[in-house]
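Structure assessment
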Amino acid sequence: MSITEDYPELLTLDGFDEAILGVVERCDLLVVCYDRNKILEILMRDMNLDEAMEYFEFNILGAYMGEHTPVYLDYMPL
């Protein structure tokens, strides 16, 4: 099964399924959680790091798509 089959109401990003970590809950609302670094890796297949970061920050991170807007996890070393 995939996220979209299990949770059809959730919003996903086209072309970034391999960056999905899972589903998280906030305030009784489920949203898809993406790996920020994996998204950048995917973007860097067609652009350099600076371009990928700018695209991510402006077009993905900065996009509000309603209450089911995905969230993005940036792993922090312990």
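What you see is a predicted model, and the numbers here were worked out from it, not measured in a lab. (Residues numbered from 1 in each chain as written. Predicted model: local features only at pLDDT ≥ 70, side-chain atom pairs only at ≥ 80, totals over all residues. Heavy atoms only, no water.)

**Quick look at the packing of aromatic side chains**
Within this structure, the stated rule accounts for two aromatic pairs. Each ring, one from Tyr 34 and one from Tyr 72, has its centre 6.0 Å from the other, and the planes form 25°; the classification is stacked. Within this pair, whereas Tyr 34 is found in strand β2 (residues 29-35), its partner Tyr 72 is found in strand β3 (residues 71-73), the two being separated by 38 residues in sequence. Centroid distance Phe 56 to Tyr 72: 5.5 Å. Interplanar angle 90°. Geometry classified as edge-to-face. Remark: Tyr 72 occurs in strand β3 and Phe 56 occurs in helix α3 (residues 49-61); sequence separation between them is 16 residues. For Tyr 72, a relative accessible area of 18% gives the class buried. Each residue in the set Tyr 34, Phe 56 and Tyr 72 is aromatic and connected to the rest through ring pairs, giving one cluster. (Phe/Tyr/Trp six-rings, centres within 6.5 Å; stacked < 30°, edge-to-face > 60°. Helix = DSSP H or I, 4+ residues; strand = E, 2+ residues; numbered from the N terminus. Buried < 20%, exposed > 50% of the residue type's maximum accessible area, 1.4 Å probe, protein only.)

**Remarks on α3**
With 13 residues, α3 should cover 18 Å at 1.5 Å per step; its first-to-last C-alpha distance of 16 Å lies more than 12% under that length. Of all the residues in α3, the buried ones are Ala 52, Phe 56 and Ile 60. On its buried face, α3 sits against α2 (36-43) and β3. With a side-chain oxygen positioned 3.0 Å from the backbone nitrogen of Asp 50, the residue opening α3 is Asn 48. (Expected span 1.5 Å × (residues − 1). Contact = heavy atoms within 4.5 Å. Polar contact = N/O pair within 3.5 Å; in protein donor to acceptor, adjacent residues only side chain to side chain.)

**A closer look at a nonpolar patch on the surface**
On the surface, a cluster of nonpolar side chains totalling about 270 Å² of accessible area is made up of Leu 21, Leu 73 and Tyr 75. Its place among the elements puts Tyr 75 in the segment after β3. For Tyr 75, a relative accessible area of 47% corresponds to the partly exposed category. (Patch = residues over 30% accessible without salt bridge, like charges linked within 9 Å, V, L, I, M, F, W, Y side chains within 5 Å. Areas by Shrake-Rupley, 256 points an atom, 1.4 Å probe, with all protein chains shown as cover. Salt bridge = Lys/Arg side-chain N within 4 Å of Asp/Glu carboxyl O.)

**Some words on the environment of Leu 13**
One can find Leu 13 in the loop between α1 (3-6) and β1 (20-26). Remark: the alpha-carbon pair of Leu 13 and Tyr 34, spanning 21 residues in sequence, is separated by 9.2 Å.

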